[in-house]
Amino acid sequence: MTKPSNLPQKPKRKPAETLRLQGRNIITEDDLDEVFPDDGNVEKPEIYSHRKILHGVVLTLLVALIIAAVLTALAVVRGDLKIPGWSPTPAPEATCPVAVHEYPPNDSITVNVYNGTQEEGLAGQTSGLLAKRGYEIGEVASKRMSRTGLTAVIISGPAGEANAFNLQRNIPETEYVADQRADASVDVVLGSKFKQFVPPDSVDQTPGTLSCPRLSPEPDEVAK
């Protein structure tokens, strides 16, 4: 038996419309599947685990290398470990000149006078006394002295050793220090124990050597 053709047909089903909210499209899971289909290459959880292990191993090695470098550097500094090219170059050992000098005349010497103490006007007063003895006075100023408990420090270059010898004979218990200046000038840095000069008629003008008490060995060390 055939169905009557005049029966009302069911309306065709409209395709699913895109969901909208307040005039804006809403992306659904089905939309994402169409754009990004599952190709079966999603990383497996164990891959993440392997990467974490690799990162941990690399980090551990880096920390170990840093610790080893620090320990090696400390060993070199302490002298426990000697590596060619790593040892610091030792500073040249200071020695006291041994040459014997004649006593030069006072008026042939240029002297720079420095106050190494907190006593005001000491350099000016001392330079005046030196000028009365015939010395040519250069610079008069203050200069910080790292050593304490000294009468004075006499400083010169190789060309001024004889002149420094002269000053040491006029100022008792001084310490000679060499520098690399080219001229024959002499620096006198006055210390806290400076009191006076040797009287002019008592100055020893016989030939002799410079005095470097703090560079010279102690008597007990010489005996050894």
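Everything quoted here is computed from the prediction, not taken from an experiment. (Residues numbered from 1 in each chain as written. Predicted model: local features only at pLDDT ≥ 70, side-chain atom pairs only at ≥ 80, totals over all residues. Heavy atoms only, no water.)

Draft legend 1. View of the overall build of the chain. Secondary structure assignment for the chain yields five helices and seven strands. Counting all 224 residues of the chain, 26% fall into the buried class. Within the chain, contacts between residues separated by at least 24 positions form 73% of all contacts whose residues are at least 6 apart in sequence. Accessible area for the chain stands at about 17200 Å²; split by element, carbon and sulfur atoms hold 57% of it. (Helix = DSSP H or I, 4+ residues; strand = E, 2+ residues; numbered from the N terminus. Buried < 20%, exposed > 50% of the residue type's maximum accessible area, 1.4 Å probe, protein only. Contact = heavy atoms within 4.5 Å. Areas by Shrake-Rupley, 256 points an atom, 1.4 Å probe, with all protein chains shown as cover.)

Draft legend 2. Structural detail: the pattern of salt bridges. For the structure shown, the criterion picks out four salt bridges. Across the pair Asp204 and Arg169 runs a salt bridge whose closest N-O atoms are separated by 3.4 Å. Taken together, the residues span a long stretch of sequence, with Asp204 in the loop between strand 7 (186–190) and helix 5 (219–223) and Arg169 in helix 4 (residues 161–170) at a distance of 35 residues. For Asp187, the salt bridge is made with Arg181, and the minimal N-O distance between the two is 2.7 Å. Across this residue pair, the class does not change: Asp187 and Arg181 are buried. (Salt bridge = Lys/Arg side-chain N within 4 Å of Asp/Glu carboxyl O.)

Draft legend 3. Just helix 3 (residues 122–132), in detail. What helix 3 keeps buried is the set Leu122, Ala123, Thr126, Ser127 and Leu130. Along the long axis of helix 3, the arc covered by the buried residues comes to 120°, so they all point the same way. Those residues of helix 3 hidden inside the fold are in contact with strand 3 (110–115), strand 4 (136–142), helix 4 and strand 7. Following helix 3 by one or two positions, Gly134 has its phi on the positive side, about 100°. (Arc of directions from axis to C-beta.)

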